[in-house]
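# Chain and residue survey
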Amino acid sequence: MEFKTVLFYLFGALMLLAALRVVTARNPVHAVLFLVLAFFNAAGLWMLLEAEFLAIALLVVYVGAVMVLFLFVVMMLDINVESLRHGFWKHLPFGAAIGGLMVAEMSVVLGGRYFGLDAMPGHTAPAGYSNTKELGRVLFTEYVYPFELASVILLVGIIAAIVLTLRKRKDSKAMHPSDQLAVKRNDRIRLVKMAAEKPVQGGE
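Please read all numbers here as calculations on a predicted model, not as lab measurements.

### A look at the nonpolar core
Val32, Val36, Phe39, Ala42, Ala43, Ala55, Leu58, Val63, Met67 and Val74 together form the largest nonpolar core, which totals ten residues. Of all the secondary-structure elements, those providing two or more residues to this core are helix 2 (28-48) and helix 3 (52-76). Those residues in contact with alanine 42 that lie beyond four places of it in its chain are Met15 and Leu58.

### Notes on the packing of helix 2 against helix 3
Closest axis-to-axis distance for the helix 2/helix 3 pair is 9 Å, and the angle between their directions is 175 degrees. By the criterion of interaxial angle, the relationship of helix 2 to helix 3 is roughly antiparallel. Contacts between helix 2 and helix 3 involve Pro28, Val29, Val32, Leu33, Leu35, Val36, Phe39, Phe40, Ala42, Ala43, Trp46 and Met47 from the first element and Glu52, Leu54, Ala55, Leu58, Leu59, Tyr62, Val63, Met67, Leu71, Val74 and Met75 from the second. For the contact of helix 2 with helix 3, the per-class residue count stands at 22 nonpolar, no polar and one charged.

### Some remarks on the confidence of the model for the protein chain
Here the protein chain shows a mean pLDDT of 78. Residues at 70 or above account for 79%. Within the protein chain, the element-level pLDDT minimum falls on helix 4 (residues 81-84), averaging 64, and the maximum on helix 7 (residues 144-165), averaging 88.

### Notes on the packing of aromatic side chains
Scanning the entire structure with this criterion turns up three aromatic pairs. Between phenylalanine 140 and phenylalanine 147, the aromatic rings sit 5.2 Å apart at their centres with planes inclined by 65 degrees, giving edge-to-face as the arrangement.

### What about the UniProt feature "transmembrane region" (unreviewed entry) in the protein chain?
As annotated in UniProt, the feature "transmembrane region" (unreviewed entry) corresponds to residues 6-24, 31-49, 55-79, 91-115 and 143-166 in the numbering used here. Within the segment residues 31-49, helix and strand shares are 95% and 0% respectively, and the terminal C-alpha atoms sit 27 Å apart. Along residues 143-166 one finds 92% helix and 0% strand; the C-alpha atoms at either end are 35 Å apart.

Criteria and cut-off values
Once a new chain begins, its residue numbering starts again from 1 and follows that chain's sequence as written. Local features in this predicted model are restricted to residues whose pLDDT is 70 or higher, and side-chain atom pairs enter the listing and the counts only when it is 80 or higher, whereas totals over whole chains, interfaces and linings include all residues. Each side-chain value is worked out from all heavy atoms of the structure, with water and hydrogens disregarded. Here, the term nonpolar core denotes a set of buried Ala, Val, Leu, Ile, Met, Phe, Trp, Tyr and Cys residues that are joined through side-chain atoms within 4.5 Å. Relative accessible area decides the class of each residue, using a 1.4 Å probe on protein chains only: under 20% of the type maximum gives buried, over 50% gives exposed, and in between gives partly exposed. Helix numbering and strand numbering both begin at the N terminus, where a helix is a DSSP run of H or I of at least 4 residues and a strand a DSSP run of E of at least 2. Whether two residues are in contact is decided by their heavy atoms: any pair within 4.5 Å suffices. Think of each axis as a best-fit line through the C-alpha atoms, taken over the contacting stretch in the case of a helix, with angles from 0 to 180 degrees between the N-to-C directions. Should an angle fall under 35 degrees it is called roughly parallel, over 145 degrees roughly antiparallel, and 65 to 115 degrees roughly perpendicular, with every other angle called oblique. When residues are sorted by character, Ala, Val, Leu, Ile, Met, Phe, Trp, Tyr, Cys and Pro go into the nonpolar class, Asp, Glu, Lys and Arg into the charged class, and all the rest, Gly among them, into the polar class. For every residue, the predictor states its confidence as a pLDDT score lying anywhere from 0 to 100. Each pair of aromatic rings taken from Phe, Tyr and Trp, with Trp reduced to its six-membered ring, is defined by centres within 6.5 Å and is described as stacked if the planes are under 30 degrees apart, edge-to-face if over 60, and tilted in the remaining cases. UniProt positions are given in the numbering used here, feature names are shortened, and annotations may be inferred rather than shown by experiment.

What follows is the structure, encoded as C-alpha cells:
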C-alpha cells in the first residue's frame, strides 16, 4: 500500500470520527472544536487530490474566520443544552436517511471508474490545466452577482451574531461608550497625602 493511500484512509477516518463527535458531543464548545478538526482533515484530503486552493480556502475561510465566529457565539450566548438535544432520537431516522444519501452520492463520485464516469466528456483535464485559475474565472465572471450576494448574506449573519451577543442579561457586565468618554481625571484618580515614614535603625 502506498503512503498516499495510507494518508487518505487516515485523514478519512479522523474526519469521520470528528464529524461523529460533532453531533454527539454534549458540550457545544467541544462540538465546534471537533468540527474544526474535521475541516483540517478535509483540507488534508483535498491536498492529496491536488486541490491546493480549496484546501487553503477551507483553512483560511472556515477554520480561520467562520469557525472562530461560531466559537465566540457559542461561548457568549446562553445556550440551553437540554433544549437543543430535545427530540434528537425523534429526528434521527430522517437525519440518517439524509446522511446515507450523501454517502451514496460521494461513493458514486469517488468510484467513478466503476460506474463508467471516466468515459464522460470533460472528465480528464488537459495538460497545463489549473483548477484555481478556472475557479477564479468562473467565480468572477459568470457568478459574480451570486458571489456578491453571498458576501452580503454573510455580512448580515455577522451583524446578527453581534446583536445576539449584545442582548441584556443579568450576568453580563458592560459599559456604555458615552460614559467612558465623559470620564474626568478627578473621577478616577485620587491623590492621598501620607506622612513620610522614618527609616528603621538597625538593632531596634
